[in-house]
Amino acid sequence: MSETRALVVAVDLDLPKRPLEPELEEFLALIEAAGAEVAGVVVQHRAAVDPATLVGAGKARELAEAAERDGATALFVLNDIRPRQRTNLEKVIPLPIIDRTMLILDIFAQRARSREGKLQVELAQLRHRAANLAGLGTVLSRLGGGVGTRGPGETKLEVDRRRIRTRISALEKDLEQVRRHRRTQRAGRGGEPLAALVGYTNVGKSSLLNRLARAESFVADQPFATLDTTLRRTYLAPGKAALVADTVGFITDLPKELVAAFRATLEELNEADVLLEVFDASNPDWPRQEAGVREILADLGLAGAPRIRVANKIDRLEPAARALLPADAVAVSAVSGEGIEALRALMAQRLGQR
Ligand SMILES: Nc1nc2c(ncn2[C@@H]2O[C@H](COP(=O)(O)OP(=O)(O)OP(=O)(O)O)[C@@H](O)[C@H]2O)c(=O)[nH]1
Ligand SMILES: [Mg+2]
């Protein structure tokens, strides 16, 4: 998305329980993380989204003008957009429409390194595309030519669907193979206890892994720096060690296609003896982020999993703000190293009990 100039649109439903601002801010950060440039932001206040075009018809025309004026090359839509709304909006605004799921998948596609990660992302992208095709039933465009490649009267849509289905089953097969291979590797873990870092994206999970294990995992101030699971051994106490797993960060409303594709990776969290549930204490938005993480953990059947709550980045907090942190969280800083020994001791204690 390097050349992409993004015109961003969001419908604000003015819900007191769900303020738009943190979500919009996060959306803009995701756009940047994808390598696109924000050319303009348009927020429309409405009691409900327009069933036909998401934004009102007048706003849609305004958007088209803004796109032209700002030289935008894509429209980024924060709200969930239905296939029909997408088609209608595309008629008014001659730009590709990128929704939040596509955006997150694009970042994942750029970052995936392992074979499993790449397969998982492509699978998620295809499933998302298939879901959007499903709504286009009324705009069947008939293809000419190609005799013998498809049955008579088959539409482009049907061909697309069939291609996607074929590719999806090929990917599923490949993934199963990669996973079988990894399971065999994992079987050699022996009796060592396993702790898994979980938490919102960018809270400092990889930094904590590096602190705990003196490892060198990729750390970056950007969402989804880590996609692949890394496993490191860490010292806990004399004669006591544990394995620590770092994995993909969470985000609220994680696209369902992505959860499905990453389910196998995420389900490995089931093998963990304890989850290190990390939040970024220096981010005023942390309660919303943590709630989002817990929702995903619950979806994965991990609501009752043993966990240690970790408040990270406390080096950025004034003493007064530190005092307000939840009492059940161990306060640490992956950067200054503060609190890390307390975390180690807690891990040793909890993992010793298992
Ligand atoms: N000030 C401060 N910054 C931190 C701390 N821990 C991490 N960071 C910074 O926060 C940013 C994100 O850190 P990562 O370790 O990449 O976070 P992550 O949770 O692994 O992120 P993803 O892999 O993207 O989900 C980086 O810029 C880190 O340097 C901390 O304790 N204090
Ligand atoms: Mg990371």
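Calculation notes
Residues numbered from 1 in each chain as written. Chains lettered and ligands numbered in written order. Predicted model: local features only at pLDDT ≥ 70, side-chain atom pairs only at ≥ 80, totals over all residues. Heavy atoms only, no water. Pairing = 2+ DSSP bridges. Helix = DSSP H or I, 4+ residues; strand = E, 2+ residues; numbered from the N terminus. Axes fitted to C-alpha atoms, helices over the stretch in contact; angles between N-to-C directions. pLDDT = per-residue confidence, 0-100. Contact = heavy atoms within 4.5 Å. Domains from an automatic or database assignment. Buried area = accessible area lost by both parts, 1.4 Å probe. Buried < 20%, exposed > 50% of the residue type's maximum accessible area, 1.4 Å probe, protein only. Near = heavy atom within 4 Å. Polar contact = N/O pair within 3.5 Å; in protein donor to acceptor, adjacent residues only side chain to side chain. Nonpolar A, V, L, I, M, F, W, Y, C, P; charged D, E, K, R; others polar. Core = buried A, V, L, I, M, F, W, Y, C linked by side-chain atoms within 4.5 Å. Parallel < 35°, antiparallel > 145°, perpendicular 65-115°, else oblique. Left-handed = near helix turned anticlockwise from the far one by under 90°. Salt bridge = Lys/Arg side-chain N within 4 Å of Asp/Glu carboxyl O.

(A) Region of interest: the sheet that holds strand E6 (residues 230-237). Strand order in this open sheet of six strands is E6-E7-E5-E8-E9-E10, and the pairing throughout is mixed. Edge positions in the sheet fall to E6 and strand E10 (329-331), since each of these pairs with one other strand and no more. Direction aside, the axes of adjacent strands within the sheet are offset by 30° on average. Summarising the sheet, strand E5 (residues 194-199) and strand E7 (residues 240-246) pair through three bridges and their orientation is parallel. Each bridged residue has a counterpart across the sheet, and for Leu194 the counterpart in E7 is Leu243.

(B) Structural detail: the confidence of the model for the protein. Per-chain confidence: the protein averages 87 in pLDDT, with 91% of residues scoring 70 or above. When the criterion is pLDDT under 50, residues 136-152 qualifies, and its contacts beyond four places in sequence or with other chains add up to 18 contacts.

(C) Expanded view of the domain arrangement of the protein. Here the domain parsing of the protein yields domain 1 (5-101), domain 2 (112-186) and domain 3 (191-352). Each of domain 1 and domain 3 was reduced to a C-alpha centroid, and the two centroids are 33 Å apart. In this complex, domain 1 contributes nine residues to the contact, which on the side of domain 3 involves 10 residues. In this assembly, domain 1 packs against domain 3 so that about 720 Å² is buried in total across both faces, 54% of it on carbon and sulfur atoms.

(D) Examining the pairing of E5 more closely. The buried fraction of E5 is high, at six of six residues. Burial of the side chains of E5 extends over both faces: Leu194, Ala196 and Val198 are buried on one face and Ala195, Leu197 and Gly199 on the other.

(E) Focus on the site of ligand 1. In the neighbourhood of ligand 1, 23 residues make up the surrounding shell, with Lys205, Ser207, Ala225, Thr226 and Asp315 lying closest. At 2.9 Å from an oxygen atom of ligand 1 is found a side-chain nitrogen or oxygen belonging to Lys313. Among the residues forming the shell around ligand 1, the class breakdown is eight nonpolar, 10 polar and five charged.

(F) Inspection of the nonpolar core at higher detail. Phe76, Phe108, Leu269, Leu276, Val310, Leu343 and Met347 are the most contacted members of the largest nonpolar core, which totals 71 residues. A per-element tally of this core places helix H1 (residues 20-33) first, with six residues. Apart from residues lying up to four places away in sequence, Leu276 is in contact with Ala195, Ala196, Leu197, Val198, Leu212, Ile308, Val310, Leu343 and Met347. Val11, Val55, Ala60 and Ala66 belong to the second-largest nonpolar core, a separate cluster that totals 19 residues.

(G) View of the packing of helix H5 (residues 115-133) against helix H8 (residues 256-267). Their axes nearest at 8 Å, the elements H5 and H8 cross at an angle of 155°. If you check the angle between H5 and H8, you find them roughly antiparallel. When the axes of H5 and H8 are compared, the crossing they make is right-handed. In contact with Glu116, Gln120, Val121, Ala124, Arg127, His128 and Ala131 of H5, H8 contributes Glu257, Leu258, Ala260, Ala261, Phe262 and Thr265. Within the contact of H5 with H8, the residues separate by chemical class into seven nonpolar, three polar and three charged.

(H) The pattern of salt bridges, seen in detail. Under the definition given, this model contains 25 salt bridges. When the shortest N-O distance is used, the salt bridge between Arg307 and Glu277 registers 2.6 Å. Here the residue Arg307 occupies a position in strand E9 (residues 307-312), and Glu277 occupies one in strand E8 (residues 274-280), the gap between them amounting to 30 residues. With respect to burial, Arg307 and Glu277 carry one shared label: buried. The shortest N-O distance in the salt bridge between Lys313 and Asp280 comes to 3.3 Å. Separated by 33 residues along the polypeptide, Lys313 in the loop between E9 and helix H10 (319-323) and Asp280 in strand E8 bring together distant segments of the chain. Residue Lys313 is classed as buried on the basis of its relative accessible area, which comes to 16%. On the basis of relative accessible area, Asp280 is assigned to the buried category, the value being 6%. A single network of salt bridges, built from pairs that share partners, joins Glu277, Glu290, Arg294, Arg307, Arg309 and Asp328.

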